[in-house]
Amino acid sequence: MDTNTTDKICFYNRTVNFFYEKSGKNISDHWRNRDYVIVSLGMMVCFIVIFSNLLVMGAIFKNRHFHYPIYYLLGNLALADLFSGVSYLHLMFHTGPWTIKLSQHQWFVRQGLIDTSLIASVLNLMAVAVERHQTIFNIQLHSKMSTRCVFIIIMCIWLVSIVMGLVPAMGWHCLCDLENCSTMAPMFSRSYLVFWGVLNLLTFFIMVAVYTRIFVYVRRKSKQMSQHTTQMRHKETVFNLMKTVSMILGCFVFCWTPGLVILLLDGLGCEVCEVLRFEKYFLVLAESNSFFNPIIYSFRDTDMRRTFKEILCGKRSTMLFPSNHQDLATSQRHFLRNLHSLPPSSLPSLPPSSSSKLQPCVFDSIIRFF
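Residues numbered from 1 in each chain as written. Predicted model: local features only at pLDDT ≥ 70, side-chain atom pairs only at ≥ 80, totals over all residues. Heavy atoms only, no water.

1. Notes on the overall build of the protein
Then comes step 1: Each helix and strand in the protein was counted, giving 12 helices and 2 strands.
Then comes step 2: Across the 370 residues in the protein, those meeting the buried criterion constitute 51%.
Then comes step 3: Here the analysis covers contacts within the protein between residues at least 6 apart in sequence; of these, 78% occur between residues at least 24 apart. (Helix = DSSP H or I, 4+ residues; strand = E, 2+ residues; numbered from the N terminus. Buried < 20%, exposed > 50% of the residue type's maximum accessible area, 1.4 Å probe, protein only. Contact = heavy atoms within 4.5 Å.)

2. Concerning helix α4 (residues 104-137)
Then comes step 1: Spanning 34 residues, α4 covers 49 Å between terminal C-alpha atoms, matching the ideal 50 Å at 1.5 Å per step.
Then comes step 2: Counting buried positions along α4 gives 27 out of 34 residues, so the element sits mostly inside the fold. (Expected span 1.5 Å × (residues − 1).)

3. Section: the packing of α4 against helix α5 (residues 147-170)
Then comes step 1: At a minimum axis distance of 8 Å, the contact between α4 and α5 shows a crossing angle of 150°. One way to sum up the angle between α4 and α5 is to call them roughly antiparallel. Read as a crossing pair, α4 and α5 show a hand that is right-handed. In this structure, α4 uses Phe108, Gly112, Asp115, Thr116, Ile119, Ala120, Leu123, Asn124 and Ala127 to contact α5, whose residues at the interface are Ile153, Ile157, Trp158, Val160, Ser161, Ile162, Met164, Gly165, Pro168 and Ala169. (Axes fitted to C-alpha atoms, helices over the stretch in contact; angles between N-to-C directions. Parallel < 35°, antiparallel > 145°, perpendicular 65-115°, else oblique. Left-handed = near helix turned anticlockwise from the far one by under 90°.)

4. Some words on the environment of leucine 102
Then comes step 1: Tracing the sequence through the fold places leucine 102 in the loop between α3 (69-92) and α4.
Then comes step 2: According to the relative accessible area criterion, leucine 102 is buried, its value standing at 9%.
Then comes step 3: Separated by 85 residues in the primary sequence, leucine 102 and asparagine 17 place their C-alpha atoms 8.8 Å from one another.
Then comes step 4: Not counting residues within four places of it along the chain, the set of residues in contact with leucine 102 comprises Val16, His94, Trp107 and Arg110.

5. Describing the environment of isoleucine 296
Then comes step 1: Its location among the elements puts isoleucine 296 in helix α8 (residues 275-299).
Then comes step 2: Residue classification places isoleucine 296 among the buried positions, given a relative accessible area of 8%.
Then comes step 3: In this structure, the C-alpha to C-alpha distance between isoleucine 296 and isoleucine 248, residues 48 residues apart in sequence, is 6.9 Å.

6. Let's talk about the state of the cysteines
Then comes step 1: Applying the stated criterion to the full structure yields 3 disulfides.
Then comes step 2: Put simply, cysteine 10 and cysteine 176 are joined by a disulfide, and their sulfur atoms are 1.8 Å apart. Across the S-S bond of cysteine 10 and cysteine 176 the torsion is about 115°, and the bridge reads as right-handed. Of the two residues, cysteine 10 is situated in strand β2 (residues 8-10) and cysteine 176 in the loop between α5 and α6 (190-225); the sequence distance between them amounts to 166 residues. Each of the two residues, cysteine 10 as well as cysteine 176, counts as buried.
Then comes step 3: The disulfide bridge from cysteine 174 ends at cysteine 181, spanning 2.0 Å between sulfur atoms. An S-S torsion of about 100° defines the bridge between cysteine 174 and cysteine 181 as right-handed. (Disulfide = S-S within 2.5 Å.)

Listed below in structure tokens is the structure:
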């Protein structure tokens, strides 16, 4: 039965269908063509997301050369995206006409899993951006951040994500305030949707600021070093970095912006926006970001691809890194450690062979581990 607390009536014992009808989001009791399309598309995305991120996690675990802070963060990003794929797969089996059979508790679990996984993925993207910023400004191939510090960051990411996923079920809902119920998520408070959307937009703006600062810095540093290398090398470095930054931010904007826009419109109570018309398609689009993340952050790495081939084909190469690559990497690390301490006038004094081999690959290495 309904509970009367002070002046409010709380509908704790009502069915999910009751809230959907109140918000104007009708649940069909039979499967429509639109439902089949959305579920089929969603399940296909889920299986690809789960497989690709399992592959990334397996490669990082298998290859000891990936045991660095940036790869730990990439592994955690893959874990978040894997969880996102599993959560969305769970949603596919509890959507459409199946929604009407859910209890309030099951509905909050369904939505909480989605919220937790998506927030974890976004926070991981921001953590990767901040780690790259620290590494590049210190001119290092790998961050000096300790393993303990990395795992504390990872724990904080999951703690925040889980709390955000639990908040609606813990009280930030509209079971006692039907007028404030969302249209897209009929048991969520509109104010929670606005908060969730603003939090993700804030994360995006931080990422834009970080990557913009990285791009400006690398372009300036590359230009300073171009006097010791060819002009073509300088242009290539800047172009590669611009391509990488554009890919990272462009993919994030493409996948997340539509969903965040309709989320904010719903949270602000826009009655003429027809948010339900595009809701499920934009959710699939946001989920697809978990498919693009492994491509952008891992599959473009040559050594990562080599490890993938070893996992999938069962062939074990004699060395995951050739000896000449190890020697070059050692030289690069030595050069990078001392780059900031060298005055500009000292750069021409480097031996010609060192200058030609080491300087051009400084920012190539940065972009590679970007």
